Structures are given as C-alpha cells and as structure tokens.
Amino acid sequence: MNSLNRFTDPVYCIMRLIVGLNFASHGGQLLFGMFGGMPGSNAPLLQLCGWICLVGGFLIAFGLFTRLAAFISSGTMAVAYFMVHAPRSFFPIANKGELAVFYCWFFLFVFFHGAGRLSIDALIKRKSTPTAATA
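It should be emphasised that the depicted structure is a prediction, and the values quoted were computed from it without experimental measurement.

**Description of unusual backbone geometry**
Line of reasoning, step 1. Positive phi, normally seen in glycine, also occurs at F65, with a value near 50 degrees.
Line of reasoning, step 2. As for its placement among the helices and strands, F65 is situated in the loop between α2 (44-62) and α3 (66-85).

Right, dumping it as structure tokens:
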C-alpha cells in the first residue's frame with residue numbers, strides 16, 4: 001500500500017477543490033438563490049454566512065489563504081450547527097446537521113494540514129523562497 005503514498009497530495013488537493021466548490025455553492029444558494037436555494041435572505045447572520053461560504057469556499061478550493069479561510073469556515077459551520085441544528089436534537093442524523101458537522105471537521109483538518117503542493121499558496125511560497133546558489 002505504500003505505493004499509493006505518491007498520490008496523497010494530488011488526491012488531497014482534488015478533495016479540497018471539490019469540497020471547497022461545494023461549500024461555495026451553498027454560499028450561492030444563500031446569497032443569490034442559485035441552485036434552487038433560498039433567494040437572498042434579509043437576515044444579516046445568513047448574509048454573513050453566505051459570504052463566508054462563497055468566498056471561503058473559493059479560497060479553499062483554489063488554495064489561496066487556505067488556513068485562514070478554513071479556520072473561519074470551520075468556525076462558521078460550528079456556529080451553524082449549534083445555533084440551527086442542535087436545538088432540534090443533539091445528533092446530526094436527527095437534526096439534519098450532517099453537512100454542518102462534515103464541513104466543520106473537514107475545514108478544521110484543512111486548517112491544520114494546509115493547502116498542499118497544488119495550490120496558489122504553494123505557488124506563492126515557491127516564488128518568494130530564494131533558491132540557494134550552487135558552488
């Protein structure tokens with residue numbers, strides 16, 4: 001199974017892209033009513049959540065300011081779970097909070113893991129790191 005280790009970073013980055021774009025689509029639902037969602041809620045907290053989902057999702061998907069975006073997105077999903085879902089029942093399967101729990105923990109993992117090699121963050125870091133001169 002060690003032969004699969006070479007695929008770890010590319011698969012992680014693809015997963016980050018897919019989950020980030022899905023998260024951004026939830027922001028599109030909240031803000032603009034896209035994908036059959038609720039069109040532009042007037043509630044300021046939902047508007048804030050929508051912008052965090054939309055912008056944070058794109059930042060995470062493409063790997064720009066990944067750790068910061070993942071930290072804020074994770075916290076947003078924790079707040080969403082405990083404010084919206086947990087009052088109905090503590091268990092996610094009973095209160096329809098599975099997505100909030102999944103996104104919260106996935107983004108917390110991304111916060112600790114970082115963007116990976118296939119990201120804008122890595123590209124910026126590569127360009128800013130001076131190369132050592134060979135003698």
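Anyway, onward from the coordinates.
**Some words on the nonpolar core**
Line of reasoning, step 1. Counting 17 residues, the largest nonpolar core has F23, M77, Y103 and F107 as its most contacted members.
Line of reasoning, step 2. Every residue in contact with F107, bar those within four places of it in the chain, is listed here: V19, F23, I60, A70, S73 and S74.

**Things to note about the pattern of salt bridges**
Line of reasoning, step 1. By the definition in use, this model includes 1 salt bridge.
Line of reasoning, step 2. Between D9 and R117 there is a salt bridge whose closest N-O contact spans 3.3 Å. Of this pair, D9 sits in helix α1 (residues 8-32) while R117 sits in the loop between α5 (98-113) and α6 (120-128), and the two are 108 residues apart along the sequence.
Line of reasoning, step 3. Classification of D9 as buried rests on a relative accessible area of 13%.

**Details of the packing of α2 against α3**
Line of reasoning, step 1. Running from amino to carboxyl end, α2 crosses α3 at an angle of 145 degrees, the nearest separation of the two axes being 9 Å. In this structure, α2 meets α3 at a crossing whose hand is left-handed. For the pair α2 and α3, the contacting residues are L45, C49, I52, C53, G56, L59 and I60 in the first and T66, A69, A70, I72, S73, T76, M77 and M83 in the second.
Line of reasoning, step 2. Among the residues forming the contact of α2 with α3, the class breakdown is 11 nonpolar, 4 polar and no charged.

Thresholds, definitions, all that
- Residues numbered from 1 in each chain as written.
- Predicted model: local features only at pLDDT ≥ 70, side-chain atom pairs only at ≥ 80, totals over all residues.
- Heavy atoms only, no water.
- Helix = DSSP H or I, 4+ residues; strand = E, 2+ residues; numbered from the N terminus.
- Core = buried A, V, L, I, M, F, W, Y, C linked by side-chain atoms within 4.5 Å.
- Buried < 20%, exposed > 50% of the residue type's maximum accessible area, 1.4 Å probe, protein only.
- Contact = heavy atoms within 4.5 Å.
- Salt bridge = Lys/Arg side-chain N within 4 Å of Asp/Glu carboxyl O.
- Axes fitted to C-alpha atoms, helices over the stretch in contact; angles between N-to-C directions.
- Left-handed = near helix turned anticlockwise from the far one by under 90°.
- Nonpolar A, V, L, I, M, F, W, Y, C, P; charged D, E, K, R; others polar.

Keep in mind that these numbers describe shape and distance, not what the molecule does.
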